[in-house]
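# Observations on the three-dimensional arrangement
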Amino acid sequence: ISELLCKSDGFDVKITEVNPVGQTGGYQAYIEGINRGMEASIRACFSGGCSGYITVPTGEYFVAYDSTSNGNIPISSHSITGLGSSNGNTGWVATLEINGYSSPIDTVTYGGSGSSGVSDWQIVNPLKTYELRGVGYNNQYGANWRQSCDTGSPGTAPVSACTTTANSCLQTDIDCTINGATASPKCGLPNSDYCACDIDGVFMSDYDSCIKMPLPTNCRGYIVNDPSFSDEFLVLEWDRAEWDGDIEYAVSYLSSSGTSIEFTGEMSSIVIKGYAPYTSTNAQDYADLKVNYIAPVSGSQYSATADITCPVITQTPTKSPTAEPTANPIMDPTGGPTPAPSHDEPGVYIDHDDICNVARCDCFEENRNCCTPFGSNLPSTGSCEQQIKYIEILSSNTEDYQEEIAFRLYPDSYTAETIVYYQLTAYGQFNYTDIANETTLATISPRENITNTLKIFVDPIGSKNVYYGNTTIVDGDSFATLTLDINANDLMCDEDNCEIALFDECVEQTLLFKLNTIKCDVDDGKGCIIMYPSTIWISVFRSKTFCQTIFPPNTSGSELPSYLWWVIIALIVFAIIMGCLIYRFWTKQKQTVKEIGDVEDDLINEVNIIEQGIAKDLDRGDIMFNNLATGVPNYTRAMDPAGNILHERQGREENQFAHVDAEVFQVRQHFGPQPTDNSIHTRTQQPTVQQQQPQAPMNSGFAYTQYPYPTPTQNNRGSKSKSNSNSQ
């Protein structure tokens, strides 16, 4: 019991399911186990090789499988590949190993036997696995292994009873006689969901199989005496059948009167008063032993008789087996104690001033079992919280900085060479809020893909996820140390990696590690126990001052205050509005200038037209049509009521001249330097020129006009002259 319940090294792993051969339609070959002890790095092995190591928390299942075998991948929350091949369906040996230990922690051998020396293993049908009937069952007993309910249940606890499936017994790959049942089992009615084995005293029904019933292998009887009443009793004992399920024993024996009596119960012993005298003949086989089972699936009762003898091996004891005690004890005391008193079993705990103010933290001056991993020995004050050690890296400790953690012997006066084995696990990069207390720490699990943007490197673990090591407490010393070498490189990109922390990450995040004491070995041959605190968390981070030397305030993109972003956004909006207003003003001014230019062009054009007059297209000697003419030569028109007097009018007007004063504006435009006198701006009066013009015929509709020099097309701006124009 002590070996089963008291794990001095804290490890307790157990094999719970085995699929030795991968099968198409089923799963690949795998070994399933459960970690019932402290968190550990575990691997599984067949004879063909071992899987890789995987860290498994307390109480969790894990699976190691052969990825090269046939079948589906056995999915589990904790799984690892690399498992080698087995020796077939009935020749496999499965083991579980802890990293750092030279021998397996758990081994299951197919066909092996427990203390009875008899193998009760069954053979599973195709597409089935070997599954332990319950996680608490002894996995060294062959009968405690059944064929799986389905094709397997990797990574999960076994069910207490399989759920039957209609017609499962009728499947072609199910053979009810695979384990040697000589009768011809039938499928149970009405659903054909189990093998209905014949009651032959050897086999009983199981899930789609018939299995042999385990039997006791040894029985004995002896006489005990009750000196108070001078009574004698016959005690019969037998070894329990290697089966952890429900079982009942039936014992038949003869009473003192010669009557055959049968006793039935679940105990593996019976006390008889009034037993039949035994002789040299019947003492060799004094009782018959039978075992009753209830079949796991069908619920039918099966019985088998143990083919063993139950002899009485002791003689009648004396009525007074011991002498009476002396009336007066010896008064003289014993001799003095030895100079070097003997100690209880020594222990080892983690000790550091940064963790607790006193040794053993809350268990100071408490018994050695205080806060043990597998007990409820709480201290009188305080609790059994896991401790955190904070390592702050200053700007002066960026390279080759060392921090020591001590493993101390208990009690203080004990001295002996002691080897302490430990496990250091890297959990990854976390925010401080994630590790604020024990409640949050309990929910943390190691990161699968660990990133280190903080550029902090801790040895001896380095880039590994798990590191196993040991340190020796030299005889005469009370402690040994684990030295952590820390290097905090600058947050700069290198050729292969440019994942670096920003200022906020540098200040708010930490690298998290977990240190576990695995076991201790004392050189003097005594045992050694792991004492509280046996586990501590290690938080490694840069100081805020150190981060500011790398990221001066307000130089990192993530360093800008939040209000400054609002100011920047407001300025951007203001710039957009101003740009719109300026563009609108510019386009309006441009349109106004264009309109003014068009008006000026029209004005200049009108001035030119006015200055050129109606005869702007005539040159010297040209003739134009006179709109005031009353007739056209050689043109016949309708009778005019006044036509009879036209000749009179023509006679009176003939040889008469009209003297008209006409003003002709002449504009002169100068280019280049301006004259200093006012001659250009002086209006001069030109003399009237009278010149006899050529006469046109009277009846002609055209007028001949000759312009004196300068002609009207020569613009002399700023001067005006009068001339006489004669029109005939």
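Below or above, wherever it landed, is the structure these notes cover. All values derive from a computational prediction rather than experimental measurement.

Bringing the state of the cysteines into the picture now. Counted according to the given criterion, the structure contains seven disulfides. The disulfide that involves C149 links it to C162, with 1.8 Å between the sulfurs. Where C149 bonds to C162 through sulfur, the torsion about that S-S bond is close to -75°, and the disulfide is left-handed. Taken as a pair, C149 in the loop between β11 (145–147) and β12 (186–187) and C162 in the loop between β11 and β12 lie far apart in primary sequence, 13 residues in all. Residue C162 is classed as buried on the basis of its relative accessible area, which comes to 14%. Here C363 engages in a disulfide with C370; their sulfurs sit 2.0 Å apart.

In this model, Y410 is joined to P411 through a cis peptide bond whose omega is 0°. Considering the arrangement of structural elements, one finds P411 in the loop between β25 (401–410) and β26 (418–431). Here the amide bond leading from Y532 into P533 is cis, since omega sits at -5°, within 30 degrees of zero. Residue position: P533 is located in the loop between β31 (529–530) and β32 (535–542). Even without a glycine there, the phi angle at L127 is positive, about 65°. Within the element layout of this structure, L127 appears in the loop between β9 (106–109) and β10 (130–132). Phi at S192 is positive, roughly 55°, even though this residue is not glycine. In this fold, S192 is placed in the loop between β12 and β13 (195–196). Judged by relative accessible area, which is 9%, S192 ranks as buried.

The subject of this paragraph is a nonpolar patch on the surface. The grouping of Y563, L564, W565, V567, I568, L571, I572 and I576 at the surface amounts to a nonpolar patch, some 770 Å² of accessible area in total. A relative accessible area of 51% means that I576 is categorised as exposed.

On to the sheet that holds β31, then. Reading across the sheet, the five strands line up as β27-β29-β25-β23-β31 and stay open at both edges, with mixed pairing between neighbours. Because the sheet does not close on itself, it has two edges, and the strands there are β27 (456–459) and β31.

Quick look at the packing of aromatic side chains now. Applying the stated rule across the entire model yields 16 aromatic pairs. The interplanar angle of 55° and the centroid separation of 5.5 Å between the aromatic rings of W92 and Y130 together place this pair among those described as tilted. Here the residue W92 occupies a position in the loop between β7 (79–80) and β8 (93–98), and Y130 occupies one in strand β10, the gap between them amounting to 38 residues. Neither residue differs from the other here; W92 and Y130 are each classed as buried. Seen in terms of ring centroids, Y583 and W586 are 6.2 Å apart; in terms of plane orientation they differ by 35°. Their pairing is tilted. In this pair, Y583 and W586 both sit in helix α5 (residues 562–612), three residues apart, roughly one turn of the helix.

The side chains of a regular strand alternate between the sheet's two faces. Extensive coverage of strand β1 (residues 13–19) is indicated by the burial of seven of its seven residues. Note that β1 and strand β2 (residues 30–35) share six bridges and pair antiparallel. Looking at the pairing, V13 lines up with N35 of β2. Summarising the sheet, β1 and β10 pair through two bridges and their orientation is antiparallel. Counterpart to V18 in the pairing with β10 is Y130.

Examined against the element boundaries, T305 turns out to sit in strand β22 (residues 301–305). Taking the relative accessible area as the measure of exposure, T305 reaches 52% and is therefore exposed. Separated by 89 residues in sequence, T305 and P216 place their C-alpha atoms 9.3 Å apart. In this structure, T305 is in contact with L215, L289 and K290, ignoring residues within four places of it in sequence.

A separate point is the side chain of S168. Mapped onto the elements, S168 comes out in the loop between β11 and β12. Within the local environment of S168, its side chain forms a polar contact with the backbone oxygen of D193, the two atoms lying 3.5 Å apart. Separated by 3.1 Å, the side chains of S168 and D208 make a polar contact.

Glancing now at the pattern of salt bridges. Following the criterion strictly, the structure yields 10 salt bridges and no others. Put simply, D12 and R36 hold a salt bridge, and the shortest N to O gap is 3.4 Å. With D12 in the loop between α1 (2–5) and β1 and R36 in the loop between β2 and β3 (40–46), this pair connects stretches of sequence that are 24 residues apart. For D12, a relative accessible area of 13% puts it in the buried group. Between K519 and D521 there is a salt bridge, with the nearest N and O atoms lying 3.8 Å from each other. The class for K519 is buried, based on a relative accessible area of 17%. Because the salt bridges share partners, they merge into one network encompassing R220, E237 and D239.

Each value, and the rule that gives it
- Residues numbered from 1 in each chain as written.
- Predicted model: local features only at pLDDT ≥ 70, side-chain atom pairs only at ≥ 80, totals over all residues.
- Heavy atoms only, no water.
- Disulfide = S-S within 2.5 Å.
- Helix = DSSP H or I, 4+ residues; strand = E, 2+ residues; numbered from the N terminus.
- Buried < 20%, exposed > 50% of the residue type's maximum accessible area, 1.4 Å probe, protein only.
- Patch = residues over 30% accessible without salt bridge, like charges linked within 9 Å, V, L, I, M, F, W, Y side chains within 5 Å.
- Areas by Shrake-Rupley, 256 points an atom, 1.4 Å probe, with all protein chains shown as cover.
- Salt bridge = Lys/Arg side-chain N within 4 Å of Asp/Glu carboxyl O.
- Pairing = 2+ DSSP bridges.
- Phe/Tyr/Trp six-rings, centres within 6.5 Å; stacked < 30°, edge-to-face > 60°.
- Contact = heavy atoms within 4.5 Å.
- Polar contact = N/O pair within 3.5 Å; in protein donor to acceptor, adjacent residues only side chain to side chain.

These values are about where atoms sit, not about what they do.
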